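Listed below, chain by chain, are the residues.
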Amino acid sequence: MSLDGRYDADNIFAKIIRGEIPCVKVFEDDQVLVFMDVFPQARGHMLVISKTSQARNLLEAEAKTLGRLIGATQKAAAAVVAALKPDGVVVTQFNGAPAGQTVFHLHFHVIPRYEGEGLGRHGEGGMANVEDLKALAAKISAAL
Ligand code: AMP
């Protein structure tokens, strides 16, 4: 999907927000949801999404939505640093399929990096064990 197009209300993140498919939640409020990426590029990889906006990407986002999302992204990054003690944190965000976007509901990736450990390839990693993700999410949310 290119940068042009319409929001698909049946995209996977919309279904997660509606509770139609499960996710491993880290935290949420009335506007944002942070949950574990099920194909993590590194241990503690999280996704930050808006629960209310239908922006597919950064270019379509309302300023207020972006403010809430980046605030939640910072909060998630701080919590994962406190909980898992990585050596660095990467924040990424992709716009349009040619740029690497695979889910067309605006989101930020928060990916801890550990010295000496490579980064998994975006969109090509294996599926994580859900119990492992739940344990990580509990640890991260305890550090909020
Ligand atoms: P992007 O490629 O930037 O659009 O990112 C989409 C991300 O969503 C990828 O990192 C996927 O691993 C992740 N993902 C896809 N389906 C799910 C799901 N059901 N639960 C959690 N993460 C998912």
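In this text, all values refer to a predicted model and were calculated from it rather than measured experimentally. (Residues numbered from 1 in each chain as written. Predicted model: local features only at pLDDT ≥ 70, side-chain atom pairs only at ≥ 80, totals over all residues. Heavy atoms only, no water.)

Moving on to the packing of helix α2 (residues 63-84) against helix α3 (residues 130-142). Closest axis-to-axis distance for the α2/α3 pair is 8 Å, and the angle between their directions is 105°. The angle between the axes of α2 and α3 places the two elements in the roughly perpendicular class. For the pair formed by α2 and α3, the contact residues are A79, V80, A83 and L84 on the first element and L136, K139 and I140 on the second. For the contact of α2 with α3, a count of residues per class yields 6 nonpolar, no polar and 1 charged. (Axes fitted to C-alpha atoms, helices over the stretch in contact; angles between N-to-C directions. Helix = DSSP H or I, 4+ residues; strand = E, 2+ residues; numbered from the N terminus. Parallel < 35°, antiparallel > 145°, perpendicular 65-115°, else oblique. Contact = heavy atoms within 4.5 Å. Nonpolar A, V, L, I, M, F, W, Y, C, P; charged D, E, K, R; others polar.)

What follows covers a nonpolar patch on the surface. A surface patch of nonpolar side chains, about 280 Å² in accessible area, is lined by L3, L58 and L59. Mapped onto the fold, L59 is located in the loop between β3 (46-50) and α2. (Patch = residues over 30% accessible without salt bridge, like charges linked within 9 Å, V, L, I, M, F, W, Y side chains within 5 Å. Areas by Shrake-Rupley, 256 points an atom, 1.4 Å probe, with all protein chains shown as cover. Salt bridge = Lys/Arg side-chain N within 4 Å of Asp/Glu carboxyl O.)

Such coordinate-based values are descriptive only and should not be taken to indicate function.
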